[in-house]
Amino acid sequence: MKQFPWHVLVFAIYPILYLLTANLQYVEMDEIYLPILISIGGTGLILLLSRPITGSWLKAGLLTSLVVVLFYNYGLYQNSCKGIVLPLWFNGVRMDHNFYKYSSLILLVLVVWRMRKAKGKLIKLTSTVNLVALVLLGMTLFNLVSFQIKNSAEEVELPDDDLPSVPLAEVRPTIYYLIMDAYTRSDILQEYFDFDNSEFLNFLRDEGFYVADSAISNYGQTVLSIPSSMNMQYMDSVISVLGEKNGDRWPMFKVLNNSKVLKMLKRQQYKSIAFDASMFEVVYLSKADEFHETAGTKLSLFHNLLINSTAIRAFNRRKNINTLSQEDFHRKKILEAFNMMEKIPQKKQPYYVHGHVLAPHQPFLFLKDGSPRDMGPDYGYNIWSPMVPGQHKGWYIDGYTQQLQFVNSKLIHLIKKIKSDSKRPYVIIIQGDHGTASELRNHEGFKNNDFRERFSILNAYYFHDQDYSKLYPGISPVNSFKVVMNKYFGTKYQLEEDRAYFSDWTHPYELYDVTDSIR
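Here the structure is a predicted model, which is why all the values come from computation and not from measurement.

Rules used throughout
- Residues numbered from 1 in each chain as written.
- Predicted model: local features only at pLDDT ≥ 70, side-chain atom pairs only at ≥ 80, totals over all residues.
- Heavy atoms only, no water.
- Salt bridge = Lys/Arg side-chain N within 4 Å of Asp/Glu carboxyl O.
- Helix = DSSP H or I, 4+ residues; strand = E, 2+ residues; numbered from the N terminus.
- Buried < 20%, exposed > 50% of the residue type's maximum accessible area, 1.4 Å probe, protein only.
- Contact = heavy atoms within 4.5 Å.
- Polar contact = N/O pair within 3.5 Å; in protein donor to acceptor, adjacent residues only side chain to side chain.
- Core = buried A, V, L, I, M, F, W, Y, C linked by side-chain atoms within 4.5 Å.
- Pairing = 2+ DSSP bridges.
- Phe/Tyr/Trp six-rings, centres within 6.5 Å; stacked < 30°, edge-to-face > 60°.
- Axes fitted to C-alpha atoms, helices over the stretch in contact; angles between N-to-C directions.
- Left-handed = near helix turned anticlockwise from the far one by under 90°.
- Nonpolar A, V, L, I, M, F, W, Y, C, P; charged D, E, K, R; others polar.

Engineer: Got a sec to walk through the pattern of salt bridges? Specific residues and values, please.
Structural biologist: Applying the stated criterion across every chain, the model contains 16 salt bridges. The partner of Glu 207 in a salt bridge is Lys 419, and the shortest N-O contact between them spans 3.3 Å. With Glu 207 in the loop between helix H8 (198-206) and strand S4 (210-211) and Lys 419 in helix H16 (residues 394-421), the pair connects residues that are 212 residues apart, well separated along the chain. One salt bridge connects Lys 482 with Glu 496, and the closest N-O pair in it is separated by 3.1 Å. Remark: Glu 496 occurs in the loop between helix H18 (477-489) and strand S10 (501-502) and Lys 482 occurs in helix H18; sequence separation between them is 14 residues. Classification of Lys 482 by relative accessible area gives buried; the value is 5%. For Glu 496, a relative accessible area of 30% corresponds to the partly exposed category. Overlapping salt bridges, with partners in common, bring together Asp 465, Asp 467 and Lys 487 in one network.

Here is the structure:
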């Protein structure tokens, strides 16, 4: 049995398991079952076809494993070698998809030729490859099981027995909650970025918005900030169940999708609508009555990431399918979300619109006019790329401010559409879930971090009667919907104290109160 090419099976499933372990905080286990079945089936077919070519099952197994490794490592090659030119011949050879494709074919031909000349069965080589494959699989399974054991916790769901019972409101405005990820406050933009955002803020004020000039976020991470605002409370009770050392972000998905705001609005006969422009499924409001996935991107983010790591990306790069580059995939989701939101004002039924968009947050994909940004080989697609101490932050400032201006233009257009096309009164909240990160030099503690920048956010409100007597300059997201509920639905919520809590990336639930350092 030890002479059997077990490595074929291992290499068929290892890349999928490895990608899962690298994204455990964002991916659920059931995402891997279908890819594993397809991978095993495809690998088995290659093994059967390789048998008559090589002359033995052991040789066919080695050839099959090589094919599988080349297939699954295309994405790594692209990310590592994009833009590199080998100084060969007159003009050099660019290490692009064609180079990988043809060099892989040449390698496979040479391996087949060498195997056919080999007289033995390659038993020792097979045993060695089997051992290497099993070690890799064992390490991955150990990481997977360790994560599950370490982060196991009880099911978390906030009780709804404290939801007030109120009659159907006479005025039920459509509510737009526009969460522009990492949209920071104007004074921070001026101080840290030397960028004047007054043109956009003046537009908001001219349209009748209230802009909270001293607003802060309650949490420094999206996975806590938005569930907190949607439940109108801090996440202390949730964290007490999960534990401070828990690293699993998926429990917050349930906290968000079963939020008190959604339950209250459902009782008021609202329909909810959300989009996939926040990129991470763990912060998707996918249980909304209408959840719009971007056309042509029906696969999950994990499946798209997996496909883009394989050679499918090279052979189908020009087709409008779910193997778009990560950059184009991201751009398309943002543009589609804004396009869909522009159609909502025409609806007669009251809607709750959950418009969470991963912008102006990194990656910086748009220039200010909306055209695609070439990020270059040094700063490729990355949701968050921290700068080391002493590194010049000019690239961050330019990328962020250009993308911010693009977001401003989309918001201006959307607000004008809401104003011109609305069939009923409306409420608009435009809010950053947290601030920028030009001085957030690491995500694993306090060293070199600037919390004033990280927690200062844009926070603007439009009420159809423009009565802003219950708003104030330092209001934070935990109180946003309390004000809305009290104003439109007759509730009597008491506002929370506006506090800010930092946690590092590895331990999102281990919180430190940094309010005094940002005021």
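Having seen the model, we can carry on.
Engineer: Describe the environment of Leu 17, and please don't skip the residues or the numbers.
Structural biologist: With respect to the secondary-structure elements, Leu 17 resides in helix H1 (residues 7-22). Residues Leu 17 and Met 29 lie 12 residues apart in sequence; the distance between their C-alpha atoms is 9.7 Å.

Engineer: Run through the environment of Arg 373, naming residues and quoting values.
Structural biologist: Along the chain, Arg 373 falls in the loop between strand S7 (351-357) and H16. For Arg 373, a relative accessible area of 17% translates into the label buried. In the structure, Arg 373 is positioned 29 residues away from Gln 402 in sequence and 9.4 Å away in space, judged by C-alpha atoms. Those residues in contact with Arg 373 that sit more than four places away from it in its chain are Arg 331, Phe 364, Leu 365, Phe 366, Leu 367, Trp 395, Asp 398, Gly 399 and Gln 402. A polar contact of 2.7 Å, which involves the side chain of Arg 373, links it to the side chain of Asp 398.

Engineer: An account of the nonpolar core is requested, with residue identities and associated values reported.
Structural biologist: Leu 204, Ile 430 and Phe 481 are the most contacted members of the largest nonpolar core, which has 85 residues in total. Residue contributions to this core peak at 11 residues, all from H16. Sequence-distant contacts of Phe 481, defined by excluding residues within four places in its chain, comprise Ile 175, Tyr 177, Ser 229, Met 230, Met 232, Val 261, Tyr 352 and Ile 429. Counting 51 residues, the second largest nonpolar core, distinct from the first, contains Leu 17, Leu 62, Leu 242 and Val 255.

Engineer: How would you sum up the sheet that holds strand S5 (residues 271-275)? Please name residues and give values.
Structural biologist: Strand order in the open sheet formed by seven strands is S4-S9-S8-S3-S7-S5-S6, with mixed pairing between adjacent strands. This sheet does not close on itself; its edge strands, each paired only once, are S4 and strand S6 (290-292). In terms of strand pairing, S4 meets strand S9 (residues 459-462) through two bridges, oriented antiparallel. Its bridge partner being in S9, Tyr 210 is matched across the sheet by Tyr 461.

Engineer: Could you give an account of the packing of aromatic side chains, naming the residues involved and the relevant values?
Structural biologist: For the coordinates displayed, the defined rule picks out 27 aromatic pairs. With centroids separated by 6.3 Å and ring planes inclined at 70°, the aromatic side chains of Tyr 219 and Tyr 234 adopt a geometry described as edge-to-face. In this pair, Tyr 219 is assigned in the loop between S4 and helix H9 (222-231) and Tyr 234 in the loop between H9 and helix H10 (236-242), connecting sequence segments 15 residues apart. By the burial criterion, Tyr 219 is buried, and Tyr 234 matches it. Among the aromatic residues, ring-to-ring pairing joins Phe 193, Phe 364, Trp 395, Tyr 396 and Tyr 400 into one connected group.

Engineer: Give a detailed account of the packing of helix H7 (residues 186-193) against H16, specifying residues and quantitative values.
Structural biologist: Across the interface, H7 lies against H16 with an axial gap of 11 Å and an inter-helix angle of 145°. For the crossing formed where H7 meets H16, the hand is left-handed. When H7 is examined against H16, the residues Leu 189, Tyr 192 and Phe 193 are found in contact with a partner set consisting of Tyr 396, Ile 397, Tyr 400, Thr 401 and Leu 404. Residue classes in the contact of H7 with H16 are distributed as seven nonpolar, one polar and no charged.

Engineer: Got a sec to walk through the side chain of Thr 436? Specific residues and values, please.
Structural biologist: Among the structural elements, Thr 436 can be located in the loop between strand S8 (426-431) and helix H17 (451-455). Residue Thr 436 is classed as buried on the basis of its relative accessible area, which comes to 1%. One polar contact links Thr 436 to Glu 453, side chain to side chain, over a distance of 2.7 Å. The contact partners of Thr 436, leaving out residues within four places of it in the chain, are Ala 182, Thr 184, Phe 193, Tyr 396, Tyr 400, Glu 453 and Arg 454.

Engineer: Provide a residue-level description of the pairing of S8, including the pertinent values.
Structural biologist: Burial of S8 is extensive: six of the six residues sit out of reach of the surface. Pairing of strand S3 (residues 174-180) with S8 involves six bridges; the strand directions are parallel. Residue Leu 178 lies in a different strand from S8, and its bridge partner there is Ile 430.

Engineer: I'd like a description of the side chain of Ser 456, backed by residues and values.
Structural biologist: Residue position: Ser 456 is located in the loop between H17 and S9. On the basis of relative accessible area, Ser 456 is assigned to the buried category, the value being 0%. Among the polar contacts made by the side chain of Ser 456, one reaches the main-chain carbonyl oxygen of Arg 452 at a distance of 2.6 Å. In this structure Ser 456 touches Tyr 183, Thr 184, Arg 185, Ile 188, Ala 215 and Gly 435, once residues within four positions along its chain are discounted.

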